[in-house]
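Read off the chains here:
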Amino acid sequence: MSNDISGIDIPHEYVVCLDHVGIAVPDFDAAVEFYRSAFGWVNHHDEVNEEQGVHEAMIGPKNMSATDGMIQLLAPLNEQSTIAKFIDKKGPGLQQMCLRTNNMDALCEHLRSQGVRLLYDAPKQGTGGARINFVHPKDAGGVLLELTEPVK
């Protein structure tokens, strides 16, 4: 199998890195404490996203570079949130994987041109004001694949 993608219309320059993996948790404080006590990690960003119905934390080692991937802890704010429904159906655990992009519009356009379904017609606001969208799990091997473009 060749790694050569020359001649293929793939905007690989738009995908910067693995941004984070999201873990659905029923108890926000207990989850943050586990990563703090087990690994010495810190909570780099804590936010309540009413639209998404989650309390979230971006956690990782204290001294991280701009492209180091983090773990995103996602706790439901109410029983109607997507995360609450996920936990009810599948239990706590890995909920999504997220790729960072430097050009959300170009990447989404490319994916749609390839027949890939995105969950939102237009990106929504995510963690820290980033623009986000999701690739439908049926088009990504069963994985909910988030795309994020951080605020510049």
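Scroll up for the structure.
Residues numbered from 1 in each chain as written. Predicted model: local features only at pLDDT ≥ 70, side-chain atom pairs only at ≥ 80, totals over all residues. Heavy atoms only, no water.

Draft legend 1. Broad picture of the nonpolar core. Counting residues in hydrophobic clusters, the biggest one holds eleven residues: Ile23, Val25, Phe28, Ala31, Val32, Tyr35, Ala57, Ile59, Ile71, Leu73 and Ala75. Taken together, the elements giving at least two residues each to this core come down to α1 (28-39), β3 (54-60) and β4 (70-76). If one sorts the elements of this core by residue count, α1 sits on top with four residues. Counting residues in hydrophobic clusters, the runner-up holds nine residues, among them Cys108, Leu111, Val116 and Leu118. (Core = buried A, V, L, I, M, F, W, Y, C linked by side-chain atoms within 4.5 Å. Buried < 20%, exposed > 50% of the residue type's maximum accessible area, 1.4 Å probe, protein only. Helix = DSSP H or I, 4+ residues; strand = E, 2+ residues; numbered from the N terminus.)

Draft legend 2. Spotlight on the pattern of salt bridges. Counted by the stated rule, this structure contains seven salt bridges. Residues arginine 117 and aspartate 139 are paired through a salt bridge, measuring 2.9 Å at the closest nitrogen-oxygen approach. Of this pair, arginine 117 sits in the loop between α3 (104-113) and β6 (124-125) while aspartate 139 sits in the loop between β7 (131-135) and β8 (145-149), and the two are 22 residues apart along the sequence. Owing to a relative accessible area of 30%, aspartate 139 belongs among the partly exposed residues under this scheme. The shortest N-O distance in the salt bridge between arginine 131 and glutamate 149 comes to 3.0 Å. Of this pair, arginine 131 sits in strand β7 while glutamate 149 sits in strand β8, and the two are 18 residues apart along the sequence. Via salt bridges that share partners, Asp105, Arg131, Glu149 and Lys152 belong to a single interconnected network. (Salt bridge = Lys/Arg side-chain N within 4 Å of Asp/Glu carboxyl O.)

Draft legend 3. Summary view of the side chain of asparagine 49. Mapping asparagine 49 onto the fold places it in strand β2 (residues 42-49). Leaving out residues up to four positions away in the same chain, asparagine 49 has contacts with Val54, Glu56, Leu77, Gln125 and Gly126. (Contact = heavy atoms within 4.5 Å.)

Draft legend 4. Quick look at the environment of leucine 119. For leucine 119, the location among the structural elements is in the loop between α3 and β6. Each C-alpha atom of the pair leucine 119 and isoleucine 132 lies 10 Å from the other, and the pair is 13 residues apart in sequence. Not counting residues up to four positions away in its chain, the partners in contact with leucine 119 are Asn133, Phe134, His136 and Leu144.

Draft legend 5. Representation of the packing of aromatic side chains. Scanning all chains against the criterion turns up six aromatic pairs. Ring geometry for phenylalanine 34 versus phenylalanine 39: centroids 5.9 Å apart, planes at 90°, classification edge-to-face. Its relative accessible area of 44% is what places phenylalanine 34 among the partly exposed residues. On the accessibility criterion, phenylalanine 39 (49% relative accessible area) is partly exposed. Residues phenylalanine 39 and tryptophan 41 carry aromatic rings whose centres are separated by 5.6 Å and whose planes lie at 40° to one another, so their mutual orientation is tilted. Cluster of aromatic residues (ring-pair linked, three or more members): Phe34, Tyr35, Phe39 and Trp41. Residue placement shows lysine 124 over the ring face of tyrosine 120; its charged tip is 4.6 Å from the ring centre. (Phe/Tyr/Trp six-rings, centres within 6.5 Å; stacked < 30°, edge-to-face > 60°. Lys NZ or Arg CZ within 6 Å of the ring centre and 35° of its normal.)

None of this, on its own, says anything about what the molecule does.
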